[in-house]
Amino acid sequence: MAAPFELSDDSVVVIIGTGAGGGVLANELAQKGVSVVALEAGGRYLPQDYINDEWESFGQLAWLDARTTSGDWRVANDFSGLPAWIVKAVGGTTTHWAGASLRFQDHEWKAKTNYGNVQGANLLDWPIDPREMDDYYTKAEDKLGVTRTGGRAGLPGSNNYKVFEAGAKALGYKEVHTGRMAINSAENDGRMACQQTGFCFQGCKWGAKWSSAYTDIPAGEETGNLEVRERAHVLRIEHDDSGKATGVVYADADGNEQRQSARIVCVAGNSIESPRLLLNSASNLFPDGLANSSGQVGRNYMRHMTGSVYATFDKPVKMWRGTTMAGIIQDEARHDPSRGFVGGYELETLALGLPFMAAFLDPGGWGREFTTALDSYENMAGMWIVGEDMPQETNRITLNYDVTDQYGLPAPNVHFDDHPNDIAMRNHAYKQGMAVYEAVGATRVFPTPPYPSTHNLGTNRMSENPRDGVVNKWGQTHDVANLFVSDGSQFTTGAAENPTLTIVALAIRQADHIAAEMNAGNI
Amino acid sequence: MKDQTSHITRRDLLSRSAALGTAFVVGTSYVASSTAAWAMEVAHLQPATMATLIQMARDIYPHDHVADEHYATAVKGYDSEDAKDMVEAGIAALNAAAVGQGFPSYVDTGWERDRVDILRGMENSAFFQMVRGGLVTGLYNQKAVWPLFGYEGESYSQGGYIDRGFDDINWI
């Protein structure tokens, strides 16, 4: 076990958050001999603690602190206090994620160059060459044990997948398979193979799905270089007169304020909390929030263009049996403006249990149009749509001074308006998704609106020029040399792919950079 | 719910009750089905109010293969000191709307479509939205109703579906 570090120890790297970004970064640094204190707002839950009951698990794991919403997105109406469906626990949202692990396509790293000037969009190229990422993606795939990479077999197809695959092939789609998933198709890294249990969103009780909670975190702790403090909610980051970060103030499990000194601070609290923390750390020296000379902190909030398509058939599917996300169609992920939008989207099977289906199929819906759909729940198949959405400056996280959290700090407000490109892409995806199911005899199809966001991205974005974003190509803030951003908030653009693999690859890369800079005495 | 009234025999129940619509009977402190298949004691609401609330719940989320008992369970929580004033007022408004359309009361309308019309007229009210929103979990998160929809719930305790039919579809 890690020896606890002193609060006054200013040689440590403090990492805020322990999910795909923070959890991986913490382990990677610990493996290199760097002393790390990871502060996690949530508690520690492991496979034996996970609850395979949708609402009960939601109560156990979800981030339910006060939040508000605005904008024309339907989530603001349907789930006004719950803009995002993410996790407060050691391991963060890697407990909840479905496991889809896809590399960005090359053109997506250079969205501004490849998509051109899209009116109303604040597009920018990533300051990273796609070739720089190849080795890091391979390392990330090996760490996560991603199927259909590195010689690992794919998962077997479930009932939900079989319906989806047959419809896809009937439409002529070619890139259809059971996905590249961070779910073991065979025993791997001391973790067992998937038992097709369902409830991937509620935490994998077998440990077959990768989560930093029971992989990177304990591996880092075993080195003796990593201390994870649970139920430690960071309130603000402090700095000295020269503008260098010196430590963080957090509320401990008893609600008492503590201050941990730091040589380096890395923020990985998800794209809502990370910018909120920087904004809440405003000072005389940084009146608009820490690392916000660009004014971009909190802006360009992306959530992926999403939606779902469910369909009923005249025979049973039992979609809840097996992995929650069981297959993918990638033919629409390409950039092909002839479809009426830039960027592309993936279609991925998805299943919800009856309780969540009732909550998400048509939020606010009632009467027989709604209930006859649920009457056919057993005969239902489903897919999720995930595509690239446009960064917009006005889609942003701000501090809502009218609503405070349990520590008296202003709550984050999440403002989101769909861009016309997002709407055109969603309509195209609904049409294709419904066609997939109609091709195999669907009796009814349901173009289902977006759920609260799980892919929260872009609010501290990476930019070549300090004027355009918050962090440089290493995730280091342009304004404060020893302050890094290590989660999906550093995404310059969102690409069509589920973001976790890229967050992990960037964290591995960032660990190399931080360790090298520390050794060189630069930070 | 059956347990709470196990001391009441069917004959006793019906002899001390008045019919409300065709589905329910109400007594001084309880609501029961007209067949006495189930009964629920009420402490804070008028029994007729609870019966009407149960009917309203069914009309919002009608599933013909789900018995009233499950709708009763879903709204049982409104029988509380805190909720009673709002619920009594909401149900009174519902009955007033029914009377306004020429029916004796909400439960005495006959066709479901007439009750749905009444509900459409008040669907933006706080009362309607409270009842509807509460039902999403109150009804569909009852483990007892899951099998009625074919939903099997957790499978971890049985080793998942790896050997139990995750891929048993035979019609595609």
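Just so it is clear, the structure is predicted and the values come from calculations on it, not from any experiment.

Some thoughts on the pairing of strand β5 (residues 226–229) of chain A
All names here are of chain A.
- Burial along β5 is two-sided: the residues Leu226 and Val228 and Glu227 and Arg229 are all buried.
- Where strand β2 (residues 36–39) meets β5, 4 bridges bridge the pair, whose relative direction is parallel. By the bridge assignment, alanine 38 is partnered in β5 with valine 228.

Concerning the packing of helix α6 (residues 159–171) of chain A against helix α11 (residues 420–438) of chain A
All names here are of chain A.
- Contact geometry of α6 with α11 gives a least axis separation of 7 Å together with a crossing angle of 105 degrees. On the basis of their axis angle, the class for α6 and α11 is roughly perpendicular. Residues Asn160, Val163, Phe164, Gly167, Ala168 and Leu171 of α6 form the contact with α11, whose own contacting residues are Gln432, Ala435, Val436 and Tyr437.
- Looking at the contact of α6 with α11, its residues break down into 7 nonpolar, 3 polar and no charged.

Digging into the interface of chain A and chain B
- Listed by partner, the interface residues are 42 residues for chain A and 40 residues for chain B.
- Our enumeration of links across chain A and chain B arrives at 5 salt bridges.
- For B:Asp168, the salt bridge is made with A:Arg321, and the minimal N-O distance between the two is 3.2 Å.
- The interface formed by chain A and chain B contains 23 residue pairs in polar contact (both at pLDDT 80 or more).
- When residues of the side of chain A that touches chain B are traced back to their parent elements, those giving at least two are α2 (54–61), α6, α9 (354–360) and α10 (368–375) of chain A.
- By residue number, the principal contributor to the side of chain A that touches chain B is α10(A), which donates 5 residues.

Some words on the nonpolar core
- Counting residues in hydrophobic clusters, the biggest one holds 135 residues, and the most contacted among them are A:Tyr310, A:Phe313, A:Tyr437, B:Leu53, B:Ile54 and B:Met56.
- Counting residues per element, this core draws most heavily on helix α2 (residues 47–60) of chain B, which supplies 7 residues.
- In this view, A:Phe313 contacts A:Val163, A:Asn379, A:Ala381, A:Tyr437, A:Val440, A:Gly441, A:Ala442, A:Thr443 and B:Trp171; residues no more than four positions away in its chain are not counted.
- With 76 residues, the next largest nonpolar core counts A:Tyr136, A:Trp210, A:Val248 and A:Met518 among its residues.

Regarding the sheet that holds strand β7 (residues 245–251) of chain A
All names here are of chain A.
- If you walk across this open sheet you meet the 3 strands as β6-β7-β8, and the pairing is antiparallel. Only two strands of the sheet have a single partner each, and these edge strands are β6 (233–239) and β8 (257–261). Within the sheet, the average angular offset between the axes of one strand and its neighbour, ignoring direction, is 25 degrees.
- Of the strand pairs in this sheet, β7 and β8 are connected by 5 bridges, and their pairing is antiparallel.

A look at helix α12 (residues 500–519) of chain A
All names here are of chain A.
- The end-to-end C-alpha distance of α12 is 29 Å, a good match for the 28 Å that 20 residues give at a rise of 1.5 Å each.
- Within α12, 16 of the 20 residues are buried, which leaves the element mostly enclosed by the surrounding structure.
- Downstream of α12 by one or two residues, glycine 521 has phi in the positive range, about 75 degrees.

Examining the packing of aromatic side chains
- Scanning the entire structure with this criterion turns up 33 aromatic pairs over all chains.
- Measuring from ring centre to ring centre gives 5.5 Å for A:Phe313 and B:Trp171, while their planes differ by 40 degrees; the resulting arrangement is tilted. With A:Phe313 in the loop between β10 (305–312) and β11 (328–329) and B:Trp171 in the segment after α6 (126–138), this pair bridges two chains.
- Ring pairs connect the aromatic residues A:Trp55, A:Phe58, A:Phe79, A:Trp85, A:Phe201, A:Phe356, A:Phe360 and A:Tyr451, which therefore count as one cluster.
- Over the face of the ring belonging to A:Trp63 we find A:Lys88, whose NZ or CZ atom lies 4.7 Å from the ring centre.
- A cation sits over an aromatic face here: A:Lys205 above B:Tyr156, 5.1 Å from the ring centre.

Each value, and the rule that gives it
- Residues numbered from 1 in each chain as written.
- Chains lettered and ligands numbered in written order.
- Predicted model: local features only at pLDDT ≥ 70, side-chain atom pairs only at ≥ 80, totals over all residues.
- Heavy atoms only, no water.
- Buried < 20%, exposed > 50% of the residue type's maximum accessible area, 1.4 Å probe, protein only.
- Helix = DSSP H or I, 4+ residues; strand = E, 2+ residues; numbered from the N terminus.
- Pairing = 2+ DSSP bridges.
- Axes fitted to C-alpha atoms, helices over the stretch in contact; angles between N-to-C directions.
- Parallel < 35°, antiparallel > 145°, perpendicular 65-115°, else oblique.
- Contact = heavy atoms within 4.5 Å.
- Nonpolar A, V, L, I, M, F, W, Y, C, P; charged D, E, K, R; others polar.
- Salt bridge = Lys/Arg side-chain N within 4 Å of Asp/Glu carboxyl O.
- Polar contact = N/O pair within 3.5 Å; in protein donor to acceptor, adjacent residues only side chain to side chain.
- Core = buried A, V, L, I, M, F, W, Y, C linked by side-chain atoms within 4.5 Å.
- Expected span 1.5 Å × (residues − 1).
- Phe/Tyr/Trp six-rings, centres within 6.5 Å; stacked < 30°, edge-to-face > 60°.
- Lys NZ or Arg CZ within 6 Å of the ring centre and 35° of its normal.

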